[in-house]
Amino acid sequence: MQQTLTFTDFKFPGQQNLYHGKVRDVYDIDGTTLVMVATDRISAFDVVLPKGIPFKGQVLNQIAAYFLDATADEIPNWKLAAPDPMVTVGKKCEGFRVEMIIRGYLTGSAWREYAAGTREICGVKLPEGMRENEKFPEPIITPTTKAEAGHDMNISREEIIAQGIVSAEDYEVMERYTRRLFEIGTRMAAEKGLILVDTKYEFGKLEDKVILIDEIHTPDSSRYFYAEGYEERFAKGEPQRQLSKEFVRQWLIENGFMGRPGEKVPEMTDEICRSISERYIELYEHVTGRRFEPAVSDNLDRRIETNVLDCLTNLSL
């Protein structure tokens, strides 16, 4: 299979810090610029799985760049350049320790909680009598705390403000931006025959302004249904055809893994990794309307290092 990038340890000029996230390696350059490398690591249930997925980093990085560029006129974001298929370089912001999750449909973890009897998530009351994959009367925002490691935790708007995690003023801006981004993403998905089901956004602060950071509308942060057949499948209570990471979670669940103590990740064969890669590429092509051009390389580390160094030099000129 194609070489995968599951770990990086570059030494860039001016580098002050390196943070290894679940799927991204983030380099702090001079305290003002971030180099974010989208690796081929994959996580589910907040656990990084043992094998990388070919081209996953390229797919995530290029989808995120596509949507950051498409929304930049309305919502300020951190991106400065995408010098490599797997890299975005941008402005360093002080990130809020909250992820803004917005849901247009009752599915995934929200459905599992609802089916177990929950009727309130993150302070948002849910209607009785809903079914799996049913559209909410209007999208709901269900934030989570952003954990350094382990599981993110649900939290309400009121708790975020009361605990001083985010000020009331900044939260209002984050909420407004979240709803607007979801509107744009929903429209762009509909143009491609897709339904943007749910997604998450992250924000930071730069010079007293709230800024959109990280990725948006990728299969790691979002769930898409195919619009064609949605109504018929919903009426029959059948699973929806979807483009998201949910199929990875379902495969893990079927093989006895949900990230709980003592559970073992099932074997990730080459066939499984290849099928996951194909689904990521399929989503890229559907959501962007562009043909995926795999950036095949004999040495991913050398290519990324060269491209980033050129970018940093140009930014400093």
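Residues numbered from 1 in each chain as written. Predicted model: local features only at pLDDT ≥ 70, side-chain atom pairs only at ≥ 80, totals over all residues. Heavy atoms only, no water.

> Account for the overall build of the protein chain, with residues named and values stated.
Per the secondary structure count, the protein chain includes eight helices and 16 strands. Computed over the C-alpha atoms, the radius of gyration of the protein chain is 19 Å, within 12% of the 20 Å expected from 2.2 N^0.38 for a compact globule of 317 residues. C-alpha extents for the protein chain along the principal axes are approximately 60 × 50 × 45 Å. Counting across all 317 residues of the protein chain, residues that qualify as buried make up 51%. For the protein chain, the share of sequence-separated contacts (at least 6 apart) that also reach a separation of at least 24 residues comes to 65%. (Helix = DSSP H or I, 4+ residues; strand = E, 2+ residues; numbered from the N terminus. Rg over C-alpha atoms; globule rule 2.2 N^0.38 Å. Buried < 20%, exposed > 50% of the residue type's maximum accessible area, 1.4 Å probe, protein only. Contact = heavy atoms within 4.5 Å.)

> A description of the side chain of Ser-277 should follow, citing residues and the corresponding values.
Take Ser-277: it is sitting in helix α7 (residues 270–288). Classification of Ser-277 as buried rests on a relative accessible area of 6%. In contact with Ser-277, other than residues within four places in its own chain, are Ile-53, Pro-54 and Phe-55.

> Pulling in residues and values, what's your account of the packing of aromatic side chains?
Enumeration over the complete set of coordinates arrives at twelve aromatic pairs. With 6.0 Å between their ring centres and 10° between their planes, Tyr-230 and Phe-234 make a pair best called stacked. Residue Tyr-230 and its partner Phe-234 are located together in helix α5 (residues 230–236), separated by four residues, close to a single helical turn. When sorted by exposure, Tyr-230 lands in the same class as Phe-234, which is buried. Chaining the aromatic ring pairs together yields one cluster made of Tyr-105, Phe-225, Tyr-230 and Phe-234. Sitting over the face of the ring of Phe-234, Arg-131 holds its NZ or CZ atom 4.2 Å from the ring centroid. (Phe/Tyr/Trp six-rings, centres within 6.5 Å; stacked < 30°, edge-to-face > 60°. Lys NZ or Arg CZ within 6 Å of the ring centre and 35° of its normal.)

> Account for helix α1 (residues 56–71), naming residues and giving values.
With 16 residues, α1 should reach 22 Å at 1.5 Å per residue; the first-to-last C-alpha distance of 23 Å fits that figure. Of all 16 residues that make up α1, 13 are buried, and the element is covered over most of its length. (Expected span 1.5 Å × (residues − 1).)

> Explain the nonpolar core to me, using residue names and the numbers behind them.
Within the largest apolar cluster, 61 residues are counted, with the highest numbers of intra-cluster contacts made by Ile-42, Phe-67, Tyr-201, Phe-203, Leu-212, Tyr-224 and Leu-252. For this core, the element with the highest residue contribution is helix α4 (residues 168–191), accounting for nine residues. With 16 residues, the next largest nonpolar core counts Phe-10, Phe-12, Val-35 and Ile-304 among its residues. (Core = buried A, V, L, I, M, F, W, Y, C linked by side-chain atoms within 4.5 Å.)

> I'd like to hear about the sheet that holds strand β7 (residues 87–91), residue by residue, with values.
Strands belonging to one sheet form pairs held by backbone hydrogen bonds; the direction of such a pair is parallel or antiparallel. Ordered by their spatial adjacency, five strands build an open sheet running β1-β2-β3-β7-β6, and the pairing between neighbours is antiparallel. Each of the sheet's edge strands pairs with one partner strand only, and the pair in question is β1 (15–20) and β6 (79–84). Ignoring strand direction, the axes of neighbouring strands in this sheet form an average angle of 20°. Note: β1 against strand β2 (residues 24–29), five bridges, orientation antiparallel. Counterpart to Leu-18 in the pairing with β2 is Tyr-27. Across the sheet, α1 is in contact with β2, β3 (33–38), β6 and β7; its angle to β6 comes to roughly 145°. Sheet contacts for helix α8 (residues 300–316): β2, β3, β6 and β7; angle to β6, the most-contacted strand, approximately 145°. (Pairing = 2+ DSSP bridges. Axes fitted to C-alpha atoms, helices over the stretch in contact; angles between N-to-C directions.)

> Give a description of the packing of α1 against α7 that names residues and reports values.
Closest axis-to-axis distance for the α1/α7 pair is 9 Å, and the angle between their directions is 15°. If you check the angle between α1 and α7, you find them roughly parallel. Relative to α7, the crossing made by α1 is left-handed. Residues Lys-56, Val-59, Leu-60, Gln-62, Ile-63, Tyr-66 and Phe-67 of α1 form the contact with α7, whose own contacting residues are Tyr-280, Ile-281, Leu-283, Tyr-284, Val-287 and Thr-288. For the contact of α1 with α7, a count of residues per class yields ten nonpolar, two polar and one charged. (Parallel < 35°, antiparallel > 145°, perpendicular 65-115°, else oblique. Left-handed = near helix turned anticlockwise from the far one by under 90°. Nonpolar A, V, L, I, M, F, W, Y, C, P; charged D, E, K, R; others polar.)

> Go over the pattern of salt bridges, please, and point to the residues and values.
Under the defined criterion, the tally for this structure stands at 23 salt bridges. Between Lys-56 and Asp-220 there is a salt bridge, with its nearest N and O atoms 3.0 Å apart. Taken together, the residues span a long stretch of sequence, with Lys-56 in helix α1 and Asp-220 in the loop between β14 (209–213) and β15 (222–226) at a distance of 164 residues. When salt bridges with common partners are traced through the structure, they connect Arg-24, Glu-99, Lys-200, Glu-202, Asp-214 and Glu-215 into a single cluster. (Salt bridge = Lys/Arg side-chain N within 4 Å of Asp/Glu carboxyl O.)

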